Amino acid sequence: MSSAPIDITALRARYEAAGQSHLFTFWDKLTADQQASLAAQLDALDVERVNQVFKTAIQADDEARSGKSARIDPPPASSVQSTIEGEADAAEVEQLRKLGLDAIAQGKVGVLLMAGGQGTRLGSSAPKGCYDIGLPSHKSLFQLQAERILTLQRLAARGGQDVVVVPWYIMTSGPTRRDTEDFFKKHDFFGLKQENVVFFEQGTLPCLSLDGKILLESQHKVATAPDGNGGLYRALRTPYTAGKPDTVISDLERRGIQYLHAYGVDNCLVKVGDPVFIGVNLQQGVQAGVKVVKKTDPAESVGVVALRDGKFGVVEYSELPQQLSEARDASGELAFRAANIANHFYTTSFLAAEVPSFEAQMAFHIARKKIPTVDLASGEPVKPSAPNGMKLELFVFDVFPFCDRLAVHEVARNEEFSPLKNAPGTGSDDPATSRRDLLAQQKRWLQNAGATVVDGVDIELSARLTYNGEGLERFNGVTLDKSQNIEP
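Residues numbered from 1 in each chain as written. Predicted model: local features only at pLDDT ≥ 70, side-chain atom pairs only at ≥ 80, totals over all residues. Heavy atoms only, no water.

J.: Looking at this structure, how should I read the overall build of the protein chain?
T.: On a plain count of helices and strands, the protein chain comes out with 13 helices and 24 strands. Relative to the globule expectation of 23 Å for 488 residues, the C-alpha radius of gyration of the protein chain, 24 Å, shows essentially globular dimensions. Its C-alpha atoms give the protein chain principal-axis dimensions of about 80 × 55 × 45 Å. Counting only residues that meet the buried cut, the protein chain has 51% of its 488 residues in that class. Taking the contacts inside the protein chain whose residues are at least 6 apart along the sequence as the reference set, 73% of them involve residues at least 24 apart. Counting only carbon and sulfur atoms, one obtains 48% of the accessible surface of the protein chain, whose full area is about 22400 Å². (Helix = DSSP H or I, 4+ residues; strand = E, 2+ residues; numbered from the N terminus. Rg over C-alpha atoms; globule rule 2.2 N^0.38 Å. Buried < 20%, exposed > 50% of the residue type's maximum accessible area, 1.4 Å probe, protein only. Contact = heavy atoms within 4.5 Å. Areas by Shrake-Rupley, 256 points an atom, 1.4 Å probe, with all protein chains shown as cover.)

J.: Looking at this structure, how should I read the packing of aromatic side chains?
T.: Where two aromatic rings form a pair, the distance of their centres and the angle of their planes describe that pair. One pass over the full model with this rule turns up 17 aromatic pairs. An angle of 55° between the planes, with centres 5.6 Å apart, marks the rings of Phe24 and Trp27 as tilted. Assigned by exposure class, Phe24 and Trp27 land together as buried. Put simply, the rings of Phe142, Trp168, Phe183, Phe184, Phe189, Phe190 and Phe199 touch in pairs and so form one group of aromatic residues. (Phe/Tyr/Trp six-rings, centres within 6.5 Å; stacked < 30°, edge-to-face > 60°.)

J.: What's the story with empty space enclosed by the protein in this structure? I'm lost.
T.: The method is simple in principle: a probe with the dimensions of a water molecule rolls over the atoms, and the space it marks as empty is what remains. All told, the structure shown has one cavity of 30 Å³ or more when counted by the stated rule. A volume near 130 Å³ is recorded for the largest cavity. Lining the largest cavity are 18 residues, with Arg148, Gln441, Gln442, Trp445 and Tyr467 sitting closest to its centre. Mapped onto the lining of the largest cavity, the elements with two or more residues apiece are helix H5 (141–157), helix H13 (431–448) and strand E22 (459–461). (1 Å grid on protein atoms, 1.4 Å probe; cavity = no way out; pocket = protein on both sides within 12 Å on 5 of 7 lines; lining within 4 Å. Points joined across faces, edges and corners; volume = space filled by probe spheres on them.)

J.: So what exactly am I meant to see when it comes to the nonpolar core here?
T.: In globular proteins that are soluble, nonpolar side chains generally tend to be buried together. Formed by 67 residues in total, the largest nonpolar core has its most connected members in Phe200 and Tyr346. In terms of residue count, helix H3 (residues 47–65) provides more of this core than any other element does, six residues in total. The contact partners of Phe200, leaving out residues within four places of it in the chain, are Leu112, Tyr169, Ile170, Met171, Thr172, Arg177, Leu232, Ala235, Leu236, Tyr240 and Val248. Val109, Val164, Phe190 and Val265 belong to the second-largest nonpolar core, a separate cluster that totals 37 residues. (Core = buried A, V, L, I, M, F, W, Y, C linked by side-chain atoms within 4.5 Å.)

J.: Would you mind showing me how to read the layout of surface pockets here?
T.: In this structure, the second largest pocket occupies an estimated 1400 Å³ of space. Taken together, 34 residues form the lining of the second largest pocket, with Ala60, Glu63, Ala64, Arg308 and Glu319 sitting closest to its centre. Those elements that place two or more of their residues in the lining of the second largest pocket are H3, strand E14 (311–315) and strand E16 (365–369). Per element, the largest residue contribution to the lining of the second largest pocket is seven residues, and it comes from H3.

J.: Help me out: how do you make sense of the packing of helix H4 (residues 90–105) against H5 in this one?
T.: Relative placement of two packed helices is described by the angle separating their axes and the distance separating the axes. Where H4 meets H5, the closest approach of the two axes is 9 Å, and the angle between their N-to-C directions is 95°. Viewed along their axes, H4 and H5 adopt a mutual orientation that is roughly perpendicular. From H4, Leu101, Ile104 and Ala105 reach across to H5, where they touch Leu152, Leu155 and Ala156. When its residues are assigned to classes, the contact of H4 with H5 shows six nonpolar, no polar and no charged. (Axes fitted to C-alpha atoms, helices over the stretch in contact; angles between N-to-C directions. Parallel < 35°, antiparallel > 145°, perpendicular 65-115°, else oblique. Nonpolar A, V, L, I, M, F, W, Y, C, P; charged D, E, K, R; others polar.)

This is the structure in structure tokens:
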């Protein structure tokens, strides 16, 4: 069934009223197909929202540039909970884990993966989750995470249920969606049931000139860019299959999912659906939570969770004055140490009901860029040598200022965070460091179980075998002297 034809007169009037009529500059020169393509883009675009986003972003940017200083404080102690071994009470951590596992067993927990990026910096055009960091098994990041979900479901099922489902919501982008879906199909969803893996797409926004005019990439195509990982919130309410009304929010509600763990694809150590993290948030009774690792070096270029004028947020390294970045608390640790690792908790009710009520107030961040465009007078392509426009994006933590309370869960960096950001051979946050950190963690697990791992030997433990080092009793007294991947 074909859709109704677009009323071009009404469309032009809408863009005229919005001050964006220049997008029709070349209309009369376009072929019928080109006109149809441009009309479809413009009809689908919420131009009034684009104008509002620009206005809010400029206002926030001007305030930031004005030099007006905000009061910055560490998160309140009542929000922060550490479960780092040696610092936290082991019995209390076990209680939190049980609280989280019970919620998982009851079918109340889902996981959401932010996987819109390509592996361009890694020398790959494939989605980042397809990347092989060089483990003995050569498993991709996607496979490592899928197998953790399988094992988590099995661990939770011990609570008395025969079948536990932790649905996986995977946020892709325009360039990665098809390749991501094809990769999962090729690998038979890594043992997960296809109906429990839901793909959806983050949105895009037009690129704008420095005075807020929508830029054309060509005479019949609008220049667009992804709207940032904070576009997640709007994407949750956008139908994920053409022609069908289903959204992630409606799927969560249909399944009875009350809690969601969201994380980024590029961390090989991520504890997908971490029951301890779920437990921390349930115990504190919050609508949102964030997992952090300790910043130990004041000079580390990482944003920290803090209060800005009394509201939760992430303060970037460049925004933190030296005296604050070096300040220490009574324990001798950095006062501003809650390093952000893009690892969050949400209640479904917060995402479904509360976020839409304040979403218009969330200020997009401006990135001034050199954006290829078209000269409106000549119609010729322009490759600027200086920034001529802006891309606008939200960050996933931009909801924090709207949270009355926020759980801040402090975890051990060597157990939970090893980001993959840089090209091979960089020596920092690259494939080799990811591989090193994962294998080192698994060596610790084996040694804790009573095994001996010979120096220089790399032992990979399948995530199907163990989620967090449990169930390794059979290795007690065993000497491992050959590099290998151990499956169940």
